[in-house]
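The lines below spell out each chain.
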Amino acid sequence: MPELDAAPPQRLCASAELQERGKAVSFDVIQWREPVRAFALRFDGQAVAYLNRCAHVPTEMDWQEGEFLDGDKRFIMCSIHGAVYEPSTGHCVMGPCTRGRLTKIEVTERDGQVYWHPTRDTKPAFEG
Ligand code: FES
């Protein structure tokens, strides 16, 4: 359900840029007035997006820009201490993230484009 004071959906990238289990597309958001990187990737056909912030220590997780998946391309893996997350849900399944989860950002696809949905807490970078 859309939030009343949230910004409208923001174009993120073309759907074709998110290849199945391929490289992620990074984007910037503002969460609680702080700039935070976020990323989107495609897993089992679905575009998903999360803040690029590990549940173990709040740091960016990709081992190279846009590379979040493990060697088998089955899980999102933090490059710092190896926390393992389920790509579809962001839930930690193994490692030092214990029962944590990634902060999910809602995304939708329409007419070959991917959009992310701001909330009251997570806003487009240009809004501050
Ligand atoms: S910072 Fe991600 S596992 Fe420790």
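Residues numbered from 1 in each chain as written. Predicted model: local features only at pLDDT ≥ 70, side-chain atom pairs only at ≥ 80, totals over all residues. Heavy atoms only, no water.

As recorded by an unreviewed UniProt entry, the protein chain carries the name Rieske (2Fe-2S) protein and is attributed to Pelomonas parva.

1. Considerations on the sheet that holds strand S4 (residues 46–51)
Heads up, the rule is: DSSP bridges decide pairing: two strands pair if at least two such bridges lie between them. Runs of H or I in DSSP of at least four residues are treated as helices and runs of E of at least two as strands, each being numbered from the N terminus.
One open sheet accounts for five strands, arranged S8-S4-S3-S2-S11; its pairing is antiparallel. Strand pairing shows two members of the sheet lacking a second neighbour, strand S8 (104–105) and strand S11 (122–124), which therefore form its edges. Sheet topology places strand S2 (residues 25–31) next to strand S3 (residues 34–43); seven bridges connect them, and they run antiparallel. Across the sheet, Asp28 pairs through a bridge with Arg37, a residue of S3.

2. A closer look at the state of the cysteines
Put simply, the rule is: Here, two cysteine sulfur atoms that lie within 2.5 Å of each other are counted as a disulfide. Categorising residues by exposure relies on relative accessible area from a 1.4 Å probe, with only protein chains included: less than 20% of the type maximum marks a residue as buried, more than 50% marks it as exposed, and the intermediate range marks it as partly exposed.
Within the structure shown, the criterion is met by one disulfide. Here Cys92 pairs with Cys97 through a disulfide, and the sulfurs are 1.8 Å apart. Its S-S torsion of approximately 60° makes the covalent link between Cys92 and Cys97 right-handed. Pair check on accessibility: Cys92 and Cys97 agree, each one buried.

3. Some remarks on the environment of Phe75
Short version of the rule: It only takes one pair of heavy atoms within 4.5 Å for two residues to be counted as in contact.
Within the secondary structure, Phe75 sits in the loop between S4 and strand S5 (76–77). A C-alpha to C-alpha distance of 25 Å links Phe75 and Pro118, two positions 43 residues apart in sequence. Other than its neighbours up to four places away in sequence, Phe75 contacts Phe68, Leu69, Asp70, Val84, Tyr85, Glu86, Pro87 and Val93.

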